[in-house]
Every structure is written in structure tokens, then in C-alpha cells.
Amino acid sequence: MALRHCAGNFLSPRRSAYMTPHSSMSIFARQMNMEAQSVAAHLNSSGFIRSQGLIGGKWTDAYDGKTIKVCNPATGEVITNVPCMGGKETNDAIASAYDAFVSWSKLTAADRSKCLRKWYDLIMAHKEELGQLMTLEQGKPLKEAIGEVSYGASFIEYYAEEAKRVYGDIIPATLPDRRLFVLKQPVGVVGAITPWNFPLAMITRKVAPALACGCTVVIKPSELTPLTALAAADLSIQAGIPPGVVNVVMGNAVDIGDALLASQQVRKITFTGSTAVGKKLMAGAAATVKKVSLELGGNAPCIIFDDADLEVALKGTLATKFRNSGQTCVCANRVLVQEGIYEKFANALSSAVQSMKVGDGFGEGVVQGPLINDAAVQKVESLVQDAISKGAKVLVGGKRHGLGRTFYEPTVMADVKGEMLISREEVFGPVAPLLKFKTEEEAIRLANDTNAGLAAYIFTTNVQRSWRVTEALEYGIVGVNEGLVSTEVAPFGGMKQSGLGREGSKYGLDEFLEIKYVCLGNMN
Ligand code: SIN
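Residues numbered from 1 in each chain as written. Predicted model: local features only at pLDDT ≥ 70, side-chain atom pairs only at ≥ 80, totals over all residues. Heavy atoms only, no water.

By the naming in an unreviewed UniProt entry, the protein chain is Succinate-semialdehyde dehydrogenase, taken from Forsythia ovata. Its UniProt record gives the protein chain a comment under Pathway (unreviewed entry), which states: "Amino-acid degradation; 4-aminobutanoate degradation." Under Catalytic activity (unreviewed entry), UniProt gives the following word-for-word description of the protein chain: "succinate semialdehyde + NAD(+) + H2O = succinate + NADH + 2 H(+)". (UniProt positions renumbered as here; feature names shortened; annotations may be inferred.)

Here is the structure:
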């Protein structure tokens, strides 16, 4: 398939991202390009690259024929074009989901469970291809992408099982001739708006519980990474999930969002993304009083106490900070280190970060891919510059990578202070800012000094302290001596302005259910 540059012609030397004075770099860049191109060609010929939206089981173009480019962030090349849809297509997708709800919600839980199980099996059978597609459009290293496919699929497997356990209640009646029951029923059509950082898992974490409960969905994946979503939706159809149960529209985010919000038929909005957009969706949902669940931004503290096991703390910090090149909502945003271990930890972290291999996600041994786009790099640059101008020191990295484009050097910064922008905003990049603290009380105060409250991490060998600090942290998720905490069986979600509701686990089902109280009278 033809690959063209998103920013200009791929063949034009003036516009090439790989024009560098070092000829060895150009050769390396060409090799990376060839790998990505042959993967794209293979995925295309095996039907894995879908370039249309899905409405009522039909692959559909935008009604006005407009398209948007989907680009590989590692190379800038266009992978394909997808429809630039808007309100009209979204309204049709909602209508299809509304029609499909009638029969899907009436299936037995066991039948819905079988469809979900089949979907899970198909995703796992194609995890290599889905992983490649994800690396192509999102940039994360292939191993990490394949890991996300398994992680994403785990939500489908889990909710295939939970579908059969949506229990109601019988309540002891207050009068002898009464019988009181609680029924749990699906909310109806769900609008699922998902981000680019986890092109599969953020979809399955929403769609699998929705489908398990009997809801139908209109998915709006990020315009930056719609291809994994479309491939997964294709597999849902192959799994026997009926047309209209899963719909995918993409394009004009504002128009699509407005159509989802305005519709009386959409009864629930579930969103992962920025706090700013989450607030707008919450306000917009008020007009039709929809249920809303929001997984928004974080500002995770990662607290290393003097009594931490250095190796455990190092492994955990690297895992939480540099996963997906720092582009997750649960990435450590501030690394708070107690003064007694500060020097040792800073040195150990710096040498580990120094040796991280950066490159195209298809490259051998690469652990850090590109950032998603130039705006993301500019944000990281401005936060690092602000910190430097206020007295922070760069221990490792601190600038764009020599590979060019959106590659940024994995970075460690010392002498960071709580009032610097880098401590107050979500970095969403591979930068570990180290803040020194003296006491446990100070660490808790610094950790909680933010409007965000998604994930926090603590490293200590003192059991009493681990419990005390966990209870004091205003966060929805706490990792103790562990940096990778996400799993389908545990509730994921935040406190304060990090969001509403929980995804994953048995609690994730509640977000897609209405509770109906039934009172039977005259029962004597
Ligand atoms: C996110 O960054 O929004 C999700 C991260 C995860 O599921 O671990």
C-alpha cells in the first residue's frame, strides 16, 4: 500500500524527518521505515486495516466523502485514510444501536456470554496482528502493544463470565402482604469515547461490561488511533455479535460528541481522556440526565521512603513512569524521594534510564517509542524548560531525541519543587521529576496537593507505614511496592477531578445497569 507522509510528501527530501547530518542515522531511519511499511502492507492484504466506520453492521464512509489521515507517529507516514464522520453518521449509529438493543438485551446472559467469549478468542488468536496495528498507529513498542492486546482482551473474557452474575436482590418486606425485589437492567445505548494511548484496552474495558449487561454501544475512538478499534469491531462481528450492537464512528470529535450528548436514546456516556473534555461531557450530559462515567487525568505521586527496598522501588518506578513512554493516566507524574535515599535512588534511576533504547516500536530491543504527536512533545518541552528555569537540574535526557520527529529522550530531573508546572500538570511523557522530602507527613501533604486523584504508589518495607499512608492518600488506586497495578479484576478509577465511576472488576458492571425496585402487593 502507498505510504505518504502526514506532513508532506514522503519522497520529498526537503520534508523528510530523517534528513540528518549523520548518514548512519538516515540508514537506520530507512530500515525502520521498511519494517513499518512491510507490516502495513501485510496487515492491509490480510484485511486487518479497515478504512470505514461501522454503522448497523455495515462498513460506511462519511456521508460527504470526507476523510482524515491516520499516521504512524514513528515515521510520519500515512497508514490509511478513515472517514471524517460527524453528527449525521452518529445519529444513524445511535438509531442502529437503539434498534439492536431490543433483541440484544432480551438474549439470555448465557448467550451474550458466548458471543463475548468468542470475541475474546478471536482477539487472542489475532494478537500479533492487532499488536502490529497498534504499534503502527500509536507507536508503542511491539511487545508492549501485544501486551495491551492481552490486557484489552482480558476485560472481554472477564465480563463474558460476569454476564451470568448480574444478580438482583430480594428485600425482606415491611408489610406481611408485600414482596420486594430489586431487578438490574441494562441502561440502554451507551456512547463510549476512548483515547489514543490504549487503542484497544480502553474500548474493551467499557464495551465488554456494557455488552455483558445487555447494552449496545456507539464507540468513538480517537482519530489518532481508529484502526485498532475498527479491527476489534470487525472481530466482534465475526464472533457473532449482531449488527448494530457495536457501532464505530470517528472524525469530527465535537460533532460526534454533541450528537451523543443530545440524543434522548443514548442513556450513558463513558469516557477516558482529559479532565477538560470530561467536564464538558459531564455538563453536556446534564440536559438529558444521562449516566456518566469518566476516567480523567492523573498526577500520580510515587513515594520512595528511606526504608524502601532500592531494587523494588527502582523496578516499580521504571514500570509506572516509562510505560507507553509515560503516556498513561496512571504513570508516576512526581517521584517523591525521602532525603536519606535520595542520592542513591537518583543515581540508580539515572543509570537505568540512560540505557533505555528509544526508537520505532518495531525495532529490536526498543522500550521507548515516539510520543503521539508534536503537540505532546511541545508540552513536555515546555514543562521541562519551566522546571529548569526555576532551578531543577537535568540528570539524564531533557530534550528531543536525535531520531527527530516526536521522539523524546527518557529523562530524569532533580531538585524539582511542588510549585513547578511539571509537578502540577500531567506530563504525559518520559520525564521523571524527583522531589525531595523529609517526613512521612510532608510526603502525604505533597502527594495530596493536587486536584487529581487517580493512582499513587508507595515504596516502603514498613508494613504499618504502608497501611497508614495508603489510608491517607486521596487516590482511587494505590500501588504498594508495585508499579503496574492495572488488571481486569480490580476497580480502576479516580477520586477528586480524576473522574467518576469505576471500570473493570465486578464494580464496572454497575456503571451500565439501572436498578429497578419492584413491590408486589396483595400477596396474602
Ligand atoms: C489510562 O492511561 O487511561 C489507562 C491505564 C491503564 O489501564 O493501566
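Anyway, onward from the coordinates.
Within the protein chain one finds 16 helices and 21 strands. In summary, the protein chain has a C-alpha radius of gyration of 24 Å against a globular reference of 24 Å for 524 residues, a match within 12%. Within the span of the protein chain, comprising 524 residues, buried residues form 56% of the whole. Long-range pairs, those at least 24 residues apart, make up 73% of the contacts in the protein chain between residues at least 6 apart in sequence. Accessible area for the protein chain stands at about 21100 Å²; split by element, carbon and sulfur atoms hold 55% of it. When the 54 basic and 52 acidic side-chain charges of the protein chain are each reduced to a single mean position, those positions are 3 Å apart. (Helix = DSSP H or I, 4+ residues; strand = E, 2+ residues; numbered from the N terminus. Rg over C-alpha atoms; globule rule 2.2 N^0.38 Å. Buried < 20%, exposed > 50% of the residue type's maximum accessible area, 1.4 Å probe, protein only. Contact = heavy atoms within 4.5 Å. Areas by Shrake-Rupley, 256 points an atom, 1.4 Å probe, with all protein chains shown as cover. Lys, Arg positive; Asp, Glu negative; His and termini not counted. Charge placed at Lys NZ, Arg CZ, Asp CG, Glu CD.)

This part is about the environment of Ser 505. Within the element layout of this structure, Ser 505 appears in the loop between strand E20 (499-500) and helix H16 (507-510). Overall, Ser 505 belongs to the buried group, its relative accessible area being 2%. Sequence separation of Ser 505 and Asn 44 is 461 residues, and the distance between their C-alpha atoms is 35 Å. Other than its neighbours up to four places away in sequence, Ser 505 contacts Tyr 158, Tyr 159, Glu 488, Val 489, Ala 490 and Pro 491.

Moving on, we get to helix H3 (residues 109-125). It helps to recall that an α-helix has 3.6 residues per turn; residues three or four apart then point in one direction. An ideal rise of 1.5 Å per residue puts 24 Å on 17 residues; H3 measures up with 24 Å between its terminal C-alpha atoms. Within the sequence span of H3, burial applies to Arg 112, Ser 113, Cys 115, Leu 116, Trp 119, Tyr 120, Leu 122 and Ile 123. At its buried positions, H3 is contacted by helix H2 (87-104), helix H4 (127-138), helix H5 (142-162), helix H6 (201-213) and helix H7 (226-238). (Expected span 1.5 Å × (residues − 1).)

All right, on to the sheet that holds strand E21 (residues 513-520) then. Overall, antiparallel pairing links the three strands, which are arranged E6-E7-E21 in an open sheet. What marks the edges here is a single partner per strand, and that holds for strand E6 (169-171) and E21. Each neighbouring strand pair of the sheet contributes to a mean axis angle of 25 degrees, computed without reference to strand direction. Here E6 runs beside strand E7 (residues 179-186); their pairing, made up of three bridges, is antiparallel. Looking at E7, one finds that Ile 170 is bridged to Phe 181. (Pairing = 2+ DSSP bridges. Axes fitted to C-alpha atoms, helices over the stretch in contact; angles between N-to-C directions.)

The predicted model of the protein chain averages 94 in pLDDT, with 94% of residues at 70 or higher. Within the model, pLDDT remains below 50 along residues 7-30, and this stretch shows 25 contacts once partners closer than five positions in the same chain are excluded. (pLDDT = per-residue confidence, 0-100.)

Okay, the UniProt feature "domain: Aldehyde dehydrogenase" (unreviewed entry) in the protein chain next. The UniProt entry lists residues 59-518 under the feature "domain: Aldehyde dehydrogenase" (unreviewed entry), expressed in the numbering used here. Span residues 59-518 is 41% helix and 20% strand, its end C-alpha atoms 42 Å apart.

This brings us to the site of the ligand. Near the ligand you find Tyr 151, Asn 197, Phe 198, Met 202, Arg 205, Thr 272, Arg 323, Thr 328, Cys 329, Val 330, Ser 486 and Phe 492, and these make up its full shell. Within the side chain of Arg 205, one N or O atom sits 2.9 Å away from an oxygen atom of the ligand. A distance of 2.9 Å is found between an oxygen atom of the ligand and a side-chain nitrogen or oxygen belonging to Arg 323. Burial of the ligand by the protein chains amounts to 100% of its free accessible area of 260 Å². Residues belonging to the shell around the ligand are distributed by class as follows: six nonpolar, four polar and two charged. (Near = heavy atom within 4 Å. Polar contact = N/O pair within 3.5 Å; in protein donor to acceptor, adjacent residues only side chain to side chain. Nonpolar A, V, L, I, M, F, W, Y, C, P; charged D, E, K, R; others polar.)

Sequence positions flagged by UniProt for "active site" (unreviewed entry) are, in local numbering, Glu 295. Mapped onto the elements, Glu 295 comes out in strand E12 (residues 291-295). With a relative accessible area of 3%, Glu 295 lands in the buried category. Leaving out residues up to four positions away in the same chain, Glu 295 has contacts with Phe 271, Thr 272, Gly 273, Leu 454, Phe 492, Gly 493, Gly 494, Ser 498, Gly 501, Arg 502 and Glu 503.

Considering all chains together, one arrives at 22 salt bridges under this definition. For the salt bridge of Glu 157 with Arg 117, the shortest nitrogen-to-oxygen distance reads 3.1 Å. With Glu 157 in helix H5 and Arg 117 in helix H3, this pair connects stretches of sequence that are 40 residues apart. A relative accessible area of 22% means that Glu 157 is categorised as partly exposed. Take Arg 117: its relative accessible area is 35%, and that puts it in the partly exposed class. Notably, a salt bridge pairs Glu 148 with Lys 140, separated by 2.6 Å at the nearest N-O pair. Each member of the pair, Glu 148 as well as Lys 140, is classed as buried. Overlapping salt bridges bring together Asp 307, Glu 440, Arg 465 and Arg 468 as one network. (Salt bridge = Lys/Arg side-chain N within 4 Å of Asp/Glu carboxyl O.)

With that out of the way, let us pick up the sheet that holds strand E15 (residues 393-396). Strand order in this open sheet of seven strands is E15-E16-E17-E14-E13-E18-E19, and the pairing throughout is mixed. The sheet terminates laterally at E15 and strand E19 (477-480), the two strands that pair on one side only. On average, adjacent strands in this sheet sit at an angle of 25 degrees to one another, irrespective of strand direction. Strands E15, strand E16 (411-414) and strand E17 (431-437) of the sheet are contacted by helix H12 (residues 374-389), whose axis makes an angle of about 25 degrees with E16. Each of strand E13 (300-304), strand E14 (332-338) and E17 is contacted by helix H14 (residues 440-448), which is oriented at about 165 degrees to E14, the strand it contacts most.

As a further point, take the nonpolar core. Core analysis: the biggest nonpolar cluster contains 65 residues, and Trp 119, Ile 123, Leu 211, Val 217, Ile 241 and Val 246 have the highest contact counts within it. Residues within four places of Leu 211 in sequence aside, it is in contact with Trp 104, Arg 112, Leu 116, Trp 119, Val 217, Ile 241, Val 245 and Val 246. Counting 63 residues, the second-largest nonpolar core is a separate cluster that includes Ile 303, Val 337, Met 356 and Ala 392. (Core = buried A, V, L, I, M, F, W, Y, C linked by side-chain atoms within 4.5 Å.)

Considering the arrangement of structural elements, one finds Lys 206 in helix H6. The exposure class of Lys 206 is buried, given its relative accessible area of 1%. Each C-alpha atom, one on Lys 206 and one on Ile 372, is 23 Å from the other, the two residues being 166 residues apart in sequence. Those residues in contact with Lys 206 that lie beyond four places of it in its chain are Ala 192, Ile 193, Thr 194, Thr 270, Phe 271, Thr 272, Glu 503 and Phe 512. At a separation of 2.9 Å, a polar atom in the side chain of Lys 206 contacts the side chain of Glu 503.

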